[in-house]
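# Notes for the structure review
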Amino acid sequence: ALTGLLGNWLLQQWQQRNWLNQQRFLGEQKEYENLKELCEEIVALSGRRITKMRRLLAILPNADEKLIRRRLKAYDQELLKWNEKLGGFYVRLTFYAAYEMAGRLEREVQDEFVATGRALEGLTKSTLTGKIPTKCQTGQVEAALNIVGAAIKNYNRDLLRVLEIQKTKTYYGKKIEL
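### As for the packing of aromatic side chains
Considering all chains together, one arrives at 3 aromatic pairs under this definition. Measuring from ring centre to ring centre gives 5.4 Å for W82 and F113, while their planes differ by 70°; the resulting arrangement is edge-to-face. In this pair, W82 sits in helix 2 (residues 65-97) while F113 sits in helix 3 (residues 99-128), placing the two residues 31 residues apart along the sequence. Since its relative accessible area comes to 0%, W82 is described here as buried.

Here it is, written out as structure tokens:
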């Protein structure tokens, strides 16, 4: 009887410990999935936004007004999607990745997007009023777009590294040296 009681007590303790470990794993797996979804969203939206900016700039010197307005509208739609999600990006990055990643998104990507977007929109407005932009003007905006593109690439690379670290931590655990 004593052996039965002791055996049942040990079995219950092991089962409870195993259940707690499973719950811990499920929590970490959910965090990883949320971070993965966030990374995919940031990568996709930033890529689409800069692509729309490049497409708009490419047609400014020699396109008709209708095409410029269509591309401006497409760019504006991507800008709206990005801005609608930006606040959520900051919060989720702080929660799932690190505060540093949220700060970098603001400083390295968003600030560049804003400055370059302003220049592109100004050039577009002047083109729509009949002033054809010079090669120098379009070259300056193109150079700014290249800077934004590099900032996006570097940021997304580092964000995906954070995701990979989380994946390793979730699925393989921490390596303990003995």
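### Concerning the packing of helix 2 against helix 3
Running from amino to carboxyl end, helix 2 crosses helix 3 at an angle of 165°, the nearest separation of the two axes being 11 Å. By the angle class used here, helix 2 and helix 3 are roughly antiparallel. Read as a crossing pair, helix 2 and helix 3 show a hand that is left-handed. A breakdown of the residues in the contact of helix 2 with helix 3 according to their chemical character gives 17 nonpolar, 6 polar and 4 charged.

### A look at helix 2
Along its length, helix 2 shows its largest kink, about 40°, at L86. Those residues of helix 2 that fall on the buried side of the exposure criterion are I68, R71, Y75, E78, L79, W82, L86, F89, L93 and Y96. One side-chain oxygen at the N-terminal end of helix 2 lies 3.0 Å from the backbone nitrogen of K66; it belongs to D64.

### With respect to the side chain of T124
By the element assignment, T124 lies in helix 3. Judged by its relative accessible area of 1%, T124 is buried. Within the structure, the side chain of T124 is placed 2.8 Å from the backbone oxygen of L120, a separation counted as a polar contact. Not counting residues up to four positions away in its chain, the partners in contact with T124 are L56, L60, I68 and L72.

So, how was this worked out
Residues numbered from 1 in each chain as written. Predicted model: local features only at pLDDT ≥ 70, side-chain atom pairs only at ≥ 80, totals over all residues. Heavy atoms only, no water. Phe/Tyr/Trp six-rings, centres within 6.5 Å; stacked < 30°, edge-to-face > 60°. Helix = DSSP H or I, 4+ residues; strand = E, 2+ residues; numbered from the N terminus. Buried < 20%, exposed > 50% of the residue type's maximum accessible area, 1.4 Å probe, protein only. Axes fitted to C-alpha atoms, helices over the stretch in contact; angles between N-to-C directions. Parallel < 35°, antiparallel > 145°, perpendicular 65-115°, else oblique. Left-handed = near helix turned anticlockwise from the far one by under 90°. Nonpolar A, V, L, I, M, F, W, Y, C, P; charged D, E, K, R; others polar. Bend = angle between axes of the 7 residues up to and from the residue. Polar contact = N/O pair within 3.5 Å; in protein donor to acceptor, adjacent residues only side chain to side chain. Contact = heavy atoms within 4.5 Å.

Read these as spatial facts, not as claims about activity.
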